[in-house]
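# Results of the structural survey
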Amino acid sequence: MKVEDLAGVGLSDATKGYIGIYLKLSDLFGELSDVSEREYGLQGDAINEAAYNALAEAQSEVLKLAMTNVKHRILSEENHTEI
């Protein structure tokens, strides 16, 4: 695959799926914050620190899966039209 081949490339179903999961995890940060703030006020974020760290780690792992999928498809000899 050449750089020019990437101009018309779309996202594969797997890549879209990984990005969707990443975005859902992002939404969970806000939901967690909202629930904790109602109960604990401004201390909610401090109380949520371990949960925020776990969500951030999950996002990182999902992003790695997405990047692995993209790399695999780019390096594939099948010249996918989707990454």
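Residues numbered from 1 in each chain as written. Predicted model: local features only at pLDDT ≥ 70, side-chain atom pairs only at ≥ 80, totals over all residues. Heavy atoms only, no water.

In this structure the tally under the stated criterion is one salt bridge. One salt bridge connects Glu61 with Lys64, and the closest N-O pair in it is separated by 3.1 Å. Note that Glu61 and Lys64 are positioned in helix 3 (residues 49–75) at a spacing of three residues, about one turn of the helix. (Salt bridge = Lys/Arg side-chain N within 4 Å of Asp/Glu carboxyl O. Helix = DSSP H or I, 4+ residues; strand = E, 2+ residues; numbered from the N terminus.)

On to the environment of Ile47, then. Among the secondary structure elements, Ile47 is positioned in helix 2 (residues 44–47). Considered as a pair, Ile47 and Ser33 are 14 residues apart in the sequence and their alpha carbons are 9.6 Å apart.

Where helix 1 (residues 13–40) contacts helix 3, the two axes come as close as 9 Å, and the packing angle between them is 170°. Relative to helix 3, helix 1 is oriented roughly antiparallel. Residues Ala14, Thr15, Tyr18, Ile21, Tyr22, Leu25, Ser26, Leu28, Phe29, Leu32 and Ser33 of helix 1 pack against Ala51, Tyr52, Leu55, Ala56, Ala58, Gln59, Val62, Leu63, Leu65, Ala66, Asn69 and Val70 of helix 3. When grouped by side-chain class, the residues that make up the contact of helix 1 with helix 3 number 18 nonpolar, five polar and no charged. (Axes fitted to C-alpha atoms, helices over the stretch in contact; angles between N-to-C directions. Parallel < 35°, antiparallel > 145°, perpendicular 65-115°, else oblique. Contact = heavy atoms within 4.5 Å. Nonpolar A, V, L, I, M, F, W, Y, C, P; charged D, E, K, R; others polar.)

Where like charges cluster on the molecular surface, the negative patch consists of Asp27, Glu31, Asp34, Glu37 and Asp45. The exposure class assigned to Glu37 is partly exposed, which follows from its relative accessible area of 40%. (Patch = residues over 30% accessible without salt bridge, like charges linked within 9 Å, V, L, I, M, F, W, Y side chains within 5 Å. Areas by Shrake-Rupley, 256 points an atom, 1.4 Å probe, with all protein chains shown as cover. Lys, Arg positive; Asp, Glu negative; His and termini not counted. Charge placed at Lys NZ, Arg CZ, Asp CG, Glu CD. Buried < 20%, exposed > 50% of the residue type's maximum accessible area, 1.4 Å probe, protein only.)

Turning our attention to the environment of Leu11. Structurally, Leu11 is set in the segment before helix 1. Sequence separation between Leu11 and Ile83 is 72 residues; the distance between their C-alpha atoms is 5.0 Å. Other than its neighbours up to four places away in sequence, Leu11 contacts Lys16, Ile19, Glu82 and Ile83.

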